[in-house]
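Spelled out from the first residue to the last, the chains are:
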Amino acid sequence: MPVATVWVVAEITESGPSSVTQELLSKARSIATNVAAITWGPDTASHAAALGEYGATKVYDVGDVGETLPGVPVAGAIAALIEGGDTPDALLVPASYDGRDVAGRLSAKLDRPVLTNVVGLSENGGLSSEHTLFGGTVAATAHFTGEGPQIFVVRAKSFTAEPGGGGAAEVVSAPAPAAGATGTATVTARHVEERTGPKLDEAAVIVSGGRGLGSADKYEMIEELARLLHGAAGASRAIVDAGWVPYARQVGQTGKTVKPNLYVACGISGATQHLVGMKGSKNIVAINKDQDAPIFSVADLGIVGNVHDVLPALIEALKNR
Amino acid sequence: MNVVVCVKQIPDPAAPSALDPTTHNLDRTGKLILDDSDAYGVEMGLQLASGEGDEVILVSMAPGGETSGLRTALAMGAARAILISDDSLAGSDALGTAKVLAAAIKRAEPDLVLTATESTDGYTGTIPAQIAELLGLPSITFAKKIAIDGSTVRVERQTEAGYDEVESPLPALVSVTAGVVEPRYPSFKGIMAAKSKPVDVVTVADIGLEAGQVGAAGARQEITDVSKVEARAGGEIVVDDGNGAARIVTFLEELKVI
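The shown structure was predicted, so the numbers you read here are calculated from the model rather than taken from an experiment.

J.: Can you lay out the pattern of salt bridges for me, pointing to particular residues and giving the numbers?
T.: Within this structure, the stated rule accounts for 23 salt bridges over all chains. Between Arg237 of chain A and Asp241 of chain A there is a salt bridge, with its nearest N and O atoms 3.4 Å apart. Of this pair, Arg237 of chain A and Asp241 of chain A both sit in helix α6 (residues 237-241), separated by four residues, roughly a single helical turn. Close ionic contact of Glu167 of chain B with Arg154 of chain B constitutes a salt bridge, the shortest N to O distance being 2.3 Å. Taken together, the residues Glu167 of chain B in strand β9 (residues 162-169) and Arg154 of chain B in strand β8 (residues 152-158) connect sequence positions 13 residues apart. Arg154 of chain B sits in the partly exposed class, given a relative accessible area of 34%. Residues participating in the shared-partner salt-bridge network are Glu67 and Arg190 of chain A together with Asp164 of chain B.

In structure tokens:
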């Protein structure tokens, strides 16, 4: 018997519902009879068709939260709906920056636990969630034992986004209640870091660089190879922390989870942190001078060699084709 | 200014992690160390609370009165610590942990609460927002830069596309990413001084919570199945003797990427 009602916390980007939102709605449709999206922004109604297409029959519109960080108002609006008697069996929340704020705030407001880092969900009378632990070496299944609503924070790329052909969702206003002191964090300026080529989490090919590159200027080789392969350039946490490249490039537990057709890891040793974010890639090529580097344990093709030799030769070979 | 930094003492990540076979709780019986992710918060706290009368206070929850990780942070320069240690806390989930930390933080009456974005071993990543909500504080998560300007905290917060400048009045909670600052190494003098710095060890009852709200009883979730993930089949390993690039080109051709 499917679960009666699942709500999805739906993030809107400049091109409509984010890819993880589409994934969560698609999954919700397969496990629940009623699917609703909770969203916010200056023009939510214009996304009712796209949200409906992926399975939402209802959109709870928190409205424009202005420059307030969304965690507090969105969690407040959801809690107000639930306290008003409109309660889902489960909430699916993306494991994004704002998603984690919403889930944490809501959990404390409702006094309900959260299951995070969910990578799978199955329905068998109730809901069970799947998690991977310790860098993906151990899989665990979990479920809630207390009263709902059940809050699941789900990692991107855990489900496939599939349009279900639904019509535009009905939009219902769900304004955020006054938040007092908690709601006083406001954005004063937004900075979009320059990006060319496909987006990291949507690219079919990703070329990533790590500490083995030796210095920040060598990252140009990663960008050039990515360009030649019509892919996106990524990075390990080590070089993001070192300030060589912007955070938006980071692949891994605290960065983006990616599953491209091809992942090329250059000078990346393969710390657990990184492997978690990329081991789902279909094909993996690794170049590293240390033959014991953990990255080779997940590589389909591993080249034990110096990136400063292999990368220029590879770039040259591709240019000459 | 009083800054509370939440720190977790975790099993050494270099050693293999394990779940207890019967309770499915994270095995924390071995020696615990300061979570690397928390060293950034400690360093940030020390930099922000460097004036006369300013204090960095550590708050941690750990079994068996464990203080070895706290001593590391005290050696870096924190003034004192509050440690919640109680058998009833075993099996606590993120919300239970947040309740405990929030209750202890309240005693320190901080102007600013710093946390990591997530721990290295449990990495739920929800505790910062849960603590803030329980304390009625505004929160700014995923900070990569922090500055205090009078009674306002200004933060550069990571976003999917880049970063936002965000500000909030104090008191507030800020979670920091790795790399926000370079954590200092404890000096010999710091290590010696840390041995005599006060660590206030308290129980669940001391901070006004009931055992049923925390620990396994309060978690209201269970792990039902644990299995080893099939390792990815090892691929072809080629030692580069000048033909490494050519081998990659052939591989890319086979994949029809080029």
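Text resumes after the structure shown.
J.: Break down the interface of chain A and chain B for me, citing the residues and quoting the values.
T.: At the interface, 80 residues of chain A touch 70 residues of chain B. Contact with chain B buries surface across chain A, with Tyr97, Arg100 and Phe134 of chain A losing the most and accounting together for 10% of the total. Counting every contact that joins chain A to chain B gives nine salt bridges. Across the salt bridge formed by Asp111 of chain A and Lys99 of chain B, the nearest N and O atoms sit 2.8 Å from each other. Our count for the contact surface shared by chain A and chain B stands at 32 residue pairs in polar contact (both at pLDDT 80 or more). Broken down by element, the residue count for the side of chain A that touches chain B peaks at nine residues, all from helix α4 (residues 97-110) of chain A. For the side of chain A that touches chain B, the class distribution of residues is 37 nonpolar, 26 polar and 17 charged.

J.: Summarise the packing of helix α8 (residues 307-319) of chain A against helix α7 (residues 244-254) of chain B; cite the residues concerned and give the values.
T.: With their axes 8 Å apart at the nearest point, α8 of chain A and α7 of chain B run at an angle of 50° to one another. Viewed along their axes, α8 of chain A and α7 of chain B adopt a mutual orientation that is oblique. Crossing of α8 of chain A against α7 of chain B: the hand is right-handed. Across the interface between the two elements, Val310, Ala313, Leu314, Ala317 and Leu318 of chain A from α8 of chain A touch Gly244, Ala245, Ile248, Val249 and Leu252 of chain B from α7 of chain B. Grouping the constituent residues of the contact of α8 of chain A with α7 of chain B by class yields nine nonpolar, one polar and no charged.

Rules used in this analysis
- Residues numbered from 1 in each chain as written.
- Chains lettered and ligands numbered in written order.
- Predicted model: local features only at pLDDT ≥ 70, side-chain atom pairs only at ≥ 80, totals over all residues.
- Heavy atoms only, no water.
- Salt bridge = Lys/Arg side-chain N within 4 Å of Asp/Glu carboxyl O.
- Helix = DSSP H or I, 4+ residues; strand = E, 2+ residues; numbered from the N terminus.
- Buried < 20%, exposed > 50% of the residue type's maximum accessible area, 1.4 Å probe, protein only.
- Contact = heavy atoms within 4.5 Å.
- Buried area = accessible area lost by both parts, 1.4 Å probe.
- Polar contact = N/O pair within 3.5 Å; in protein donor to acceptor, adjacent residues only side chain to side chain.
- Nonpolar A, V, L, I, M, F, W, Y, C, P; charged D, E, K, R; others polar.
- Axes fitted to C-alpha atoms, helices over the stretch in contact; angles between N-to-C directions.
- Parallel < 35°, antiparallel > 145°, perpendicular 65-115°, else oblique.
- Left-handed = near helix turned anticlockwise from the far one by under 90°.

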